[in-house]
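This is what each chain is made of:
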Amino acid sequence: MTNFPIPDVDRVSAIIREVAESEILPYFRDLANAGIREKTGPADLVTLADEAGERALTPRLLDLLPGSTVVGEEAVSEDKSLLDRIHGDAPVWIIDPIDGTLNFANGRPLFAVIIALACRGETLAGWIYDPCDGRIATAVKGQGAYLNGQRVTVAPAVPLPEMTGALSTRFCAEELGRQLDERGRSLGPRVCLSSAAQEYLRLLDGRAHFSMYHRLMPWDHAAGVLLHAEAGGYSALFDGSPYRPTVLNGGVMLTPDRASWEAMHRHLFG
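Here the structure is a predicted model, which is why all the values come from computation and not from measurement.

**Regarding the pattern of salt bridges**
Throughout the structure, instances matching the rule amount to ten salt bridges. Between Asp205 and Arg135 there is a salt bridge, and its shortest N-O distance comes to 3.3 Å. Placement of Asp205 in the loop between helix H7 (196-204) and strand E11 (210-213) and of Arg135 in the loop between strand E6 (122-129) and strand E7 (136-140) is noted, with a sequence separation of 70 residues between them. According to the relative accessible area criterion, Asp205 is partly exposed, its value standing at 30%. With relative accessibility at 13%, the residue Arg135 sits in the buried group. Here Arg190 ties to Asp181 by a salt bridge, and the two come within 3.0 Å at their closest N and O atoms. For Asp181, a relative accessible area of 27% puts it in the partly exposed group. Each of Asp130, Asp133, Arg135, Asp205 and Arg207 takes part in salt bridges that share partners, so that together they form one network.

**Considerations on H7**
In terms of burial, H7 is largely enclosed, as nine of its nine residues are buried. Those residues of H7 lying buried are Ala196, Ala197, Gln198, Glu199, Tyr200, Leu201, Arg202, Leu203 and Leu204.

**Considering unusual backbone geometry**
In this structure, Arg29 takes a positive phi of about 60 degrees despite not being glycine. Positionally, Arg29 belongs in the loop between helix H1 (9-24) and helix H2 (31-34).

**Some points on the packing of H1 against helix H3 (residues 48-64)**
The contact between H1 and H3 brings their axes to 9 Å, and the two run at 155 degrees. With respect to each other, H1 and H3 are oriented roughly antiparallel. Two packed elements cross with a definite hand, and for H1 against H3 that hand is right-handed. Across the interface between the two elements, Arg11, Val12, Ile15, Ile16, Glu18, Val19, Glu23 and Ile24 of H1 pack against Ala49, Ala52, Gly53, Ala56, Leu57, Arg60, Leu61 and Leu64 of H3. For the contact of H1 with H3, a count of residues per class yields eleven nonpolar, one polar and four charged.

**Observations regarding the sheet that holds strand E13 (residues 252-255)**
Strands sit in the order E10-E11-E13-E12 across an open sheet of four strands; the sheet is mixed. Here the strands that pair on one side only, and so sit at the sheet edges, are strand E10 (165-167) and strand E12 (234-237). Across the sheet, the mean angle separating the axes of adjacent strands is 10 degrees when strand polarity is ignored. When E11 meets E13, the two strands line up antiparallel, connected through three bridges. Within E13, the residue paired with Tyr213 across the bridge is Val252. Of the strands in this sheet, E10, E11 and E13 are in contact with H7, which crosses E11 at around 155 degrees.

Each value, and the rule that gives it
- Residues numbered from 1 in each chain as written.
- Predicted model: local features only at pLDDT ≥ 70, side-chain atom pairs only at ≥ 80, totals over all residues.
- Heavy atoms only, no water.
- Salt bridge = Lys/Arg side-chain N within 4 Å of Asp/Glu carboxyl O.
- Helix = DSSP H or I, 4+ residues; strand = E, 2+ residues; numbered from the N terminus.
- Buried < 20%, exposed > 50% of the residue type's maximum accessible area, 1.4 Å probe, protein only.
- Axes fitted to C-alpha atoms, helices over the stretch in contact; angles between N-to-C directions.
- Parallel < 35°, antiparallel > 145°, perpendicular 65-115°, else oblique.
- Left-handed = near helix turned anticlockwise from the far one by under 90°.
- Contact = heavy atoms within 4.5 Å.
- Nonpolar A, V, L, I, M, F, W, Y, C, P; charged D, E, K, R; others polar.
- Pairing = 2+ DSSP bridges.

Shown next, in the form of structure tokens:
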């Protein structure tokens with residue numbers, strides 16, 4: 001149990017929408033002013049919109065919860081020590097101002113804002129907002145998952161050959177990537193959108209059955225894993241242990257239920 005109140009879900013949603021409207025969307029498809037630059041390589045970008053969005057979100061979220069702190073993707077890229085806050089006792093806002101920056105920079109409307117609230121290694125609430133179509137997914141631990149205010153559940157389990165979803169091998173070892181690519185061919189269609197947020201939204205609205213990720217930065221997955229669980233889905237790290245936002249190594253797989261997870265794990269890794 002937390003010793004602090006979870007801020008009002010709708011108030012956080014309103015802040016996210018306002019910041020997206022004022023700080024992010026004005027740069028979309030305006031490459032001359034977006035200030036795009038590489039962080040670690042041509043597929044890892046940052047724009048002025050990422051930085052402006054995070055700068056605007058940070059004080060407003062801190063004001064909602066006195067004593068809280070922030071772990072933001074762009075701030076951590078400048079100061080890696082800030083990531084240590086996620087292990088502390090203070091509640092921490094985890095911010096990804098634009099998940100899918102590569103899409104954003106190329107004018108593709110496949111990006112979203114992700115916010116999570118965590119404490120002592122447990123995700124307590126999560127938000128994913130798509131500024132292009134206005135969809136917002138919200139969840140508080142133990143209270144269900146909602147998409148535009150309507151409670152949602154994940155797609156029902158289906159046989160492996162009918163399961164569609166995101167299976168990216170971008171961040172895994174080369175040999176494992178070859179194995180997953182080969183064995184993944186016997187699953188249903190793979191839809192990888194270069195945005196974990198968009199892939200989580202597909203899980204929530206029932207268009208996808210599974211997602212698999214090999215890089216576990218908390219701003220990419222803390223909110224999404226909670227949303228998926230609150231919608232009735234099952235997830236675990238590749239070794240079968242529960243996902244926590246403090247885990248930065250390994251991978252996570254999400255499916256409609258535990259039986260599907262175990263069947264997919266045997267198929268892909270066995």
